[in-house]
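Here are the chains, one letter per residue:
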Amino acid sequence: MTSQRYDAIIIGGGHNGLVTAAYLAKAGKKTLVLERREILGGAAVTEEVHPGFKFSVFSYVVSLLRPEIIRDLDLPAHGLQILPLESTVTPLDNGGYLAGWADPDETRREYYRHSPHDAEAALRFGHLMHHMAMAVKPILGMIPPDPASLSPGDLKGMLKLGAHFRSLGAEHFHQLYKLMTMSSADYLDEWYEFDALKATKSASGIIGTFLGPRSPGSAYVLLHHYMGEIDGAFRAWGFQKGGTGAISNAIASAARAFGAEIRTNAGVEHVIVRGETATGVVLSNGEELYAPVVVSSLDPRLTFTRLVNPTVLPGELVEGVQRFKFRGSSGKVNLALSGLPDFSCLGGNADLAARALRGAFSISPSMEYLERAYDDAKYGQFSRNPYMDIVIPSMIDPGMAPPGKHVMSIFVQYAPHNITGGWDDAKRDAFGDAVIRTLARFAPNIESLILHKQVLTPADIERITGLTEGNIFQGELALHQLFFLRPVPEWAKYRTPLKGYWQCGAGTHPGGGIMGASGRLAAQAILGKQDAA
Amino acid sequence: MLAETPFHSRTAPLVRAQTWRRWSGHQIASAYDPHPDREYAAVRNAAALFDVSPLKKYLITGRDAARLLDRMVTRDVMKCAVGQVLYTPWCDVHGKVVDDGTVSRLDETTYRLTSAEPNYRWLRMSARGMDVDIQEISDSVGALALQGPLSRAILQEAGADVAALKYFRLTHTKIRNTPVTISRTGYTGDLGFEIWVPRDHGVAVWDALVSVGSRYGIVPAGIWALDIARIEAGLIMLDVDYFSSHHALIEDQKSSPYEINLGWTVNDTKGPFNGQRALREEKRRGPAWNFVGLDVDWPSFEQLHLARGLAPRIPNIAWRASAPIYRGGKQVGYATSGTWSPMLKRYLALGHVHAAHGAPGTELEMEITVEHRRNRAKATVRKLPFFDPPRKKA
């Protein structure tokens, strides 16, 4: 067997692994990325599942990708092109709809139809969220300091954060405290009165977590999604031309331009550990590769219990990783369509439909609807009437489907990983049917349009991407698993107890979404650019 | 898509240069001609007809209507007579201005509030525990402003009984056969009236005024003309000269009434109202900022152009931007809007200066850019309004 030496080996070619690789290569390190699958991107991949139809198979929209990464890696030169996703339409149970449009005046008038109070509240709520996102934003760009530690790096970090929070002012600090502790339902009750509006907004608070809108802590997840930033504007969501896989490819292209080597079909069997030091990896084909820095972009479960033998790690760490909550709670249904769905809430208004179909549809008609969807999951079933976030990427990027035909991406929650009796083909079919049946209530012609249907349960997500329990964030975004606690206390700074072994995935601070922040921070920690204490 | 006012079918064909703008989500004319000269001239010479329907309007009725408004605004609403109109700001609990507008007492227990921004939620929050009904009538009531020396004559000939209508009073009357409410108010600092009409009757009123007014030189006018007139009159504009404390992103963006030249509206001895304690304290301490008129020195302005081989060029519409104000080389404030005054033949601006520099007559400098280079022209602090004709109140 050959053996080759590198400065750094990154395990996993998802977007965070690629970001880490690009930064390390940019710093002059001889860097290698190893991806098990034949394509790069992890959960940010575009695949032609049906001939002529391209799907962002898993992750489907973008907003959280850090602006500094876009600048540092010059991603636009490598293919990053984000198209606006401008509206959200919520079909209502009474046959009507609630819309949020790109234009604030238009949105205000739309909310006003349902509640004059809420139309005004939305203005102030938007301002407040802007402040809250500003408040939290610096945390996304720093290695999380541990408040319980007395090391100089942590103290410096805490002082920096302390000064930052003092600058917020009392009112904003109080609001931040509420966001950190309340449920999204309770928090939104303080602002709004129109139920469908609350439901649609609260949906952001449950995505990717095993929480219901009435579960405490879900308000923070709401904020996490408000931090999306495009061109400096918070709360802007967009769609990457060519699907989310094109983002991964852009980062890969930047990494290669800096000299990184990227291999696909190169699954890592395990990390080579000598004593308490990682020295390289062994591939599935037996090939051995060596580097003083080995970085896992995989989730904490895989990083600490599969890539290395847990017996070489402290028991507390292994125990902490075992307790780390994954609990995949969502599935995905991707459809190839022969034409456009006819949402009955739009009342046959062609102008309205043309605009609305360029945006998202949120199946969140009421708070009770979402909470009942959660109830099913709590007791081990998929939601019979799930929350769904639906986009038609081919409306925005015509290259995603043949002319006149369309692809539809349906994010579905809840689909618990630990479904009673486990997932099998019959359950997958039943889940897919429940999704289509629910959608057909709002868009009756949907079934007649379907050319191909791809149904992904959390078990499928885990099988294809490796994400433990199919959790899209590499572990829930719950407060007890964030900041200096992500993934486990004391090992939240991208390091591990093994010298030379690092972590860079979404299972580390600040978490999931196509953000790249953990990949960048890990690279900085490895390069010693930020004090990783 | 922007909303249309009740007068859209009449205004749209007149906007010859397609110079539309956005006002509170409505489509409204910047000017009907490609430039506002003739429209502005009508304000000071004949009568200009403005569509001001995008103003927010609320009807407040019930036993506690006066109490609610008195608790909210800085002026004493308990002393507002039937048929009286009060111009007033309102504040948050810290005494920072949320918005400004008018309170009109339509009858014993009915008040109308107008404002620049939506205030339904703020009214509702202030109304807890009160016997009061709040109804938004922004869309159901159209509003026209007829402003200028001949405005009274036009209204009278159109059948409206306004002969005895005093400044900041209102009357319920008719234009031709359409019942309307007319208040002697406006945003031009001239003799002028505002006409409030149910949406469906708006066009009839517009047609009547234009038909009668044609013999008096009536001119439909847009926001550009209004902007020049309101700067001459020293009238502030939300989101231009100051920001609502509800929308301010930082403390520095907030202003108290004392800081925007509205100290005269603060009745700090009346019953409790929003921000009273903070405002009492500020009155005692004195405001940090003054809102002043600035008279830009022409020779100095001209010289900066001559030095570059240019004749002085004045802006042909009012500007809404931020221009630093200096004294002795140090920045002491910023101008927020400015215009050439065709009436006074002076270059005027409105701005904020630190209180130490706000006394009338103080010599300051305002930044102007001539041919890509920043310069400073002399500017003198003036008491507002710049222009205040006797006919306004006569």
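Residue positions are given per chain, counting from 1 as you read along its sequence in written order. The naming scheme follows written order: chains are lettered A onward, ligands numbered 1 onward. Totals for whole chains, interfaces and linings use every residue, but because this is a predicted model, local features are given only for residues with pLDDT of at least 70 and side-chain atom pairs only at 80 or more, for both listing and counting. Excluding hydrogens and water, the side-chain figures rest on all heavy atoms present in the structure.

Trainee: Help me understand the nonpolar core, please; the structure alone is not making it clear to me.
Mentor: The nonpolar side chains of a soluble globular protein tend to be buried with one another. Put simply, buried Ala, Val, Leu, Ile, Met, Phe, Trp, Tyr and Cys residues joined by side-chain atoms within 4.5 Å make one nonpolar core. The classification of residues rests on relative accessible area computed with a 1.4 Å probe and restricted to protein chains. Under 20% of the type maximum is buried, over 50% is exposed, and intermediate values are partly exposed. Formed by 116 residues in total, the largest nonpolar core has its most connected members in Tyr187, Leu346 and Ile410 of chain A. Considering each element in turn, this core owes the most residues, 12 residues, to helix H4 (residues 116-140) of chain A. Residues in contact with Ile410 of chain A, not counting those within four places in the same chain, are Gly331, Lys332, Val333, Asn334, Leu335, Met388, Asp389, Ile390, Val435 and Leu439 of chain A. Val85, Ala143, Phe273 and Leu384 of chain B belong to the second-largest nonpolar core, a separate cluster that totals 43 residues. Helix and strand definitions here come from DSSP, where helices need a minimum of 4 consecutive H or I residues and strands a minimum of 2 consecutive E residues; each element is numbered from the N-terminal end. Any two residues whose heavy atoms approach within 4.5 Å at even a single point are treated as in contact.

Trainee: Sorry, what's going on with the layout of surface pockets here?
Mentor: Unfilled space is identified by rolling a water-sized probe across the atoms. Lining residues are those with an atom within 4 Å of a point, where the points come from a 1 Å grid over the protein atoms alone and group into cavities, where a 1.4 Å probe fits but cannot get out, or pockets, open sets with protein on both sides within 12 Å along at least five of seven lines. Grid points are joined across faces, edges and corners, and a volume is the space filled by probe spheres set on the points. Put simply, the second largest pocket is a space of about 920 Å³. Lining of the second largest pocket is provided by 32 residues; of these, Arg124, Glu171 and His172 of chain A together with Glu251 and Lys254 of chain B occupy positions nearest its centre. Every element with two or more residues in the lining of the second largest pocket is listed here: H4 and helix H6 (170-181) of chain A together with helix H4 (120-126) of chain B. Tallying contributions element by element places H4 of chain A first for the lining of the second largest pocket, with seven residues. Residues are grouped as follows: nonpolar covers Ala, Val, Leu, Ile, Met, Phe, Trp, Tyr, Cys and Pro; charged covers Asp, Glu, Lys and Arg; every other residue, Gly included, is treated as polar. Its residues placed into classes, the lining of the second largest pocket shows 12 nonpolar, 12 polar and eight charged.

Trainee: Any chance you could explain the interface of chain B and chain A here in plain terms?
Mentor: How large an interface is tends to be reported as the accessible area lost when its parts come together. Residue-level contacts link 19 residues of chain B with 18 residues of chain A. As used here, buried area is the combined drop in accessible area, with a 1.4 Å probe, of two parts when they are placed together. Around 1800 Å² of area is buried between chain B and chain A when both sides are counted, 46% of it from carbon and sulfur atoms. What counts as a salt bridge is simple: a side-chain nitrogen of Lys or Arg found within 4 Å of a carboxyl oxygen of Asp or Glu. At the junction of chain B and chain A, the tally comes to three salt bridges. A salt bridge links Glu193 of chain A to Arg124 of chain B; the nearest nitrogen and oxygen atoms lie 3.0 Å apart. Counting of polar contacts relies on pairs of N or O atoms within 3.5 Å, with two restrictions inside protein: one atom must be capable of donating a hydrogen and the other of accepting it, and residues adjacent in sequence are counted only when both atoms are side-chain atoms. Our count for the chain B to chain A interface comes out at 12 residue pairs in polar contact (both at pLDDT 80 or more). For the side of chain B that touches chain A, the elements supplying multiple residues, two or more each, are strand E4 (56-61) and H4 of chain B. When residues in the side of chain B that touches chain A are grouped by element, the largest group, four residues, is from H4 of chain B. Classifying every residue of the side of chain B that touches chain A by side-chain character gives nine nonpolar, five polar and five charged.

Trainee: So what exactly am I meant to see when it comes to the packing of helix H3 (residues 104-114) of chain A against H4 of chain A here?
Mentor: The description of two packed helices rests on the angle between their axes and on the distance between the axes. Residues and elements named next belong to chain A. Angular values range over 0 to 180 degrees, each being the angle between N-to-C directions of two axes fitted as lines to C-alpha atoms, with helices fitted over their stretch in contact. As a packed pair, H3 and H4 sit with axes 6 Å apart at the nearest point and diverge in direction by 145 degrees. Along its contact with H3, which presents Arg108, Tyr111, Tyr112 and His114, the element H4 presents Pro116, Asp118, Ala119, Ala122 and Leu123. Tallied by class, residues from the contact of H3 with H4 come to six nonpolar, one polar and two charged.

Trainee: Is there a simple way to explain the pattern of salt bridges in this structure?
Mentor: Opposite charge on two side chains permits pairing when their charged atoms draw close. Tallied over the full model, the rule gives 50 salt bridges over all chains. Salt-bridge contacts for Arg67 of chain B lead to Asp64 of chain B; the nearest nitrogen and oxygen are separated by 3.4 Å. Taking relative accessible area as the criterion, Asp64 of chain B reaches 7% and is therefore assigned buried. With its nearest N and O atoms 2.6 Å apart, the salt bridge here joins Asp241 of chain B to Arg230 of chain B. Separated by 11 residues along the polypeptide, Asp241 of chain B in the loop between helix H7 (223-232) and helix H8 (276-285) and Arg230 of chain B in helix H7 bring together distant segments of the chain. This pair shows no difference in class: Asp241 of chain B is buried, exactly as Arg230 of chain B is. By sharing partners, the salt bridges in this structure join Asp425, Arg428, Asp460 and Arg463 of chain A into a single network.

Trainee: Help me understand the sheet that holds strand E17 (residues 330-337) of chain A, please; the structure alone is not making it clear to me.
Mentor: Adjacent strands of a sheet pair through backbone hydrogen bonds, lying either parallel or antiparallel. All names here are of chain A. A pair of strands counts as paired when DSSP detects no fewer than two bridges linking them. The strand order across the open sheet built from seven strands is E8-E7-E18-E19-E20-E17-E21, with neighbouring strands paired in mixed fashion. Pairing within the sheet leaves two strands with one partner each, and these edge strands are strand E8 (97-100) and strand E21 (450-456). This sheet shows a mean twist of 20 degrees between the axes of neighbouring strands, independent of strand direction. Direction of pairing for E17 relative to E21: antiparallel, over a ladder of six bridges. Among the inter-strand pairings, Lys332 is bridged to a residue of E21, identified as Leu456. Against the sheet, helix H18 (residues 458-465) contacts E17 and E21, and its axis sits at roughly 80 degrees relative to E21.

Trainee: Before we go on, may I ask you to explain the side chain of Asp190 of chain B in this structure?
Mentor: All names here are of chain B. By secondary structure assignment, the location of Asp190 is in the loop between strand E11 (178-183) and strand E12 (192-198). The buried category is assigned to Asp190, whose relative accessible area is 5%. Aside from chain neighbours lying at most four places away, what touches Asp190 is Val43, Arg44, Gln147, Gly148, Pro149, Phe387, Pro389, Arg391 and Lys392.

Trainee: Would you mind going over helix H14 (residues 367-378) of chain A with me for this structure?
Mentor: Note that an α-helix has 3.6 residues per turn; residues three or four places apart therefore point the same way. All names here are of chain A. The length a helix should cover is 1.5 Å for every residue beyond the first. The terminal C-alpha atoms of H14, which comprises 12 residues, lie 16 Å apart, in line with the 16 Å expected from a rise of 1.5 Å per residue. Looking at the packing, one finds that the buried side of H14 touches helix H7 (184-189), helix H8 (195-203), strand E18 (360-363), strand E19 (387-391) and helix H16 (425-442). The first or second residue beyond H14 is Gly380, which carries a positive phi of 85 degrees.

Interpretation in functional terms is not warranted from these geometric data alone.
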